Amino acid sequence: MMWKSRKITRRSFVAAALLTAFAVPQLPAVAAAATVPAVAPAAPGRAGTETPDRLPAPTGKEPVGTKTLHLVDTSRPDPWKPAAGKRELMVTLWYPARHQGDRNAPYMSKQLSKAWLGKEDLAGMRTNATAGARPAGKPRPLVVLSPGFGMSRASLTGLGEDLASRGYAVAAVDHTYEAPVEFPGGRIEACEICQKYDLLPAVVPNRSKDIRFLLDQLTGPRSPLAVDARRIAVAGHSIGGASAVQALHDDPRVDAAVNLDGNFFGELAGGVNKPVLLMGAQRGELAEPKANWEQTWKQLTGWKRWLDVPEGGHMTFTDAPWLADRFGLPDGTPPADVKRGYGTLHGPRSAALTRAYVGAFLDRHLRGTPSPLLDRPSPAYPEVTFLQK
């Protein structure tokens, strides 16, 4: 994509990166990962309040802690770069903590921001989670998050923190060589396949393997978190959403899945008879995305909902709208790219509706707590429509 602006400021440089890949719907780009030591804390916030340098505050009552994991799957070589050896993954954990500490984790590192954007602009952004905090008490239902292709796991930080504040153990995984990833010691691995669009159909089954390996680690005897292995869901954005449904199909331990505006690739052999939430943007009016989900809808034979956000965009369900609110978009950005990418919703509203509906779905299917949000349109969220139920 060519930018038409004559001058791109420091702020718009960051926003430009958020839209770079919209020529391919499955390839949005967003900033960096939270994998470095904690920074000084931001002032405490409440849900619905905002500070300029911090994500919207979680809506739940529990303090949130965060840790990172470096995992190696010794059972298989890396599918995208066999010369690298065994498959390595980086994971961010968010979880209910014993107390709110004084070491808020950064949104990302300077190193990864520079590698990904060419500048350190987003290194000052703060999260709401306490780095290294002790997990609180009992085993929790587990939610695995998978980001969009070309995107960091950090793009789902706002959702992950919110779920943890509501009592879930959350694990967001970076799928190595599908986006820039930072490993311990500052080693950066670039995206090896970002321009190899013919590999996209192979991404989904490989991500399912990543998720299954991660579940092995988090439900095993050496897990860093106490998780309830009887209550597991996977949620993802873009191709991460398709991968979430694939993992639901492939792994009997997974009880439910959420696809946030991700096209499917191929058939789900034998269908899926488990709960699935499809939450998209503009899929009632865009012919190809609508047809893609209509085809897969027939293969979903369990509880299911298809919700749409006509005013939203592909990035609505990530942190990208919040970042765009802070940094602005470049002058001359093609209106069609803005519409498809962000729609007309701003960051706080995008975060609110994503958190509300994903949280309601997980509460219903992992905790048995029903919510009217999933049964009928809500006056509290008029932006959300029901396309299928």
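Above this text sits the structure in question.
Residues numbered from 1 in each chain as written. Predicted model: local features only at pLDDT ≥ 70, side-chain atom pairs only at ≥ 80, totals over all residues. Heavy atoms only, no water.

## A look at the sheet that holds strand β6 (residues 169-174)
Then comes step 1: With respect to topology, 11 strands assemble into an open sheet ordered β3-β4-β1-β2-β6-β5-β9-β10-β11-β12-β13, the strand pairing being mixed. Of all strands in the sheet, those with a lone pairing partner are β3 (104-106) and β13 (385-388), marking the two edges. Taking each pair of neighbouring strands and ignoring which way they run, the sheet shows an average axis angle of 30°.
Then comes step 2: Bridging between strand β10 (residues 256-260) and strand β11 (residues 276-280) involves four bridges; their strand directions are parallel. Within the sheet, the bridge partner assigned to N259 lies in β11 and is L278.
Then comes step 3: Against the sheet, helix α4 (residues 200-219) contacts β1 (64-77), β2 (86-96), β5 (140-146), β6 and β9 (227-237), and its axis sits at roughly 115° relative to β1. (Pairing = 2+ DSSP bridges. Helix = DSSP H or I, 4+ residues; strand = E, 2+ residues; numbered from the N terminus. Axes fitted to C-alpha atoms, helices over the stretch in contact; angles between N-to-C directions. Contact = heavy atoms within 4.5 Å.)

## Some thoughts on the pattern of salt bridges
Oppositely charged side chains are able to pair whenever their charged atoms sit close together.
Then comes step 1: Scanning all chains against the criterion turns up 25 salt bridges.
Then comes step 2: The residue D210 makes a salt bridge to R87 at a minimum N-O spacing of 2.8 Å. Placement of D210 in helix α4 and of R87 in strand β2 is noted, with a sequence separation of 123 residues between them. Grouping residues by exposure puts D210 and R87 together as buried.
Then comes step 3: With a shortest N-O distance of 3.0 Å, R187 and E88 are connected by a salt bridge. (Salt bridge = Lys/Arg side-chain N within 4 Å of Asp/Glu carboxyl O. Buried < 20%, exposed > 50% of the residue type's maximum accessible area, 1.4 Å probe, protein only.)

## Here's the deal with unusual backbone geometry
With the exception of glycine, the majority of residues adopt a negative phi angle, and the majority of peptide bonds are in the trans configuration.
Then comes step 1: In this model, Y177 sits at a positive phi of 70°, which is unusual for a non-glycine residue.
Then comes step 2: Examined against the element boundaries, Y177 turns out to sit in the loop between β6 and β7 (181-183).
Then comes step 3: Phi is positive for D261, close to 60°, though the residue is something other than glycine.
Then comes step 4: Mapped onto the elements of the fold, D261 is located in the loop between β10 and β11.
Then comes step 5: Judged by its relative accessible area of 0%, D261 is buried.

## Looking at the pairing of β9
Then comes step 1: Where burial is concerned, most of β9 is hidden: eight out of the 11 residues are buried.
Then comes step 2: Relative to β10, β9 runs parallel, the two being bridged by five bridges. The partner of A235 across the bridge, within β10, is V258.
Then comes step 3: Regarding topology, helix α5 (residues 239-250) serves as the crossover connection from β9 to the parallel β10, and that connection is right-handed. (Right-handed = clockwise from strand over helix to strand, strands pointing away.)

## Considerations on the side chain of S155
Then comes step 1: Tracing the sequence through the fold places S155 in the loop between β5 and α3 (157-165).
Then comes step 2: A distance of 2.7 Å separates a polar side-chain atom of S155 from the backbone oxygen of S152. (Polar contact = N/O pair within 3.5 Å; in protein donor to acceptor, adjacent residues only side chain to side chain.)

## A look at the packing of aromatic side chains
Then comes step 1: What the rule picks out here adds up to four aromatic pairs.
Then comes step 2: Arranged with centres 5.6 Å apart and planes meeting at 70°, the rings of W293 and W306 form a pair that is edge-to-face. Taken together, the residues W293 in helix α6 (residues 287-297) and W306 in strand β12 (residues 304-308) connect sequence positions 13 residues apart. You'll find W293 and W306 in the same group, each marked buried.
Then comes step 3: Relative to Y381, the ring of Y357 has its centre 5.5 Å away and its plane inclined at 70°; by these criteria the two rings are edge-to-face. In this pair, Y357 is assigned in helix α9 (residues 347-367) and Y381 in the loop between α9 and β13, connecting sequence segments 24 residues apart. (Phe/Tyr/Trp six-rings, centres within 6.5 Å; stacked < 30°, edge-to-face > 60°.)

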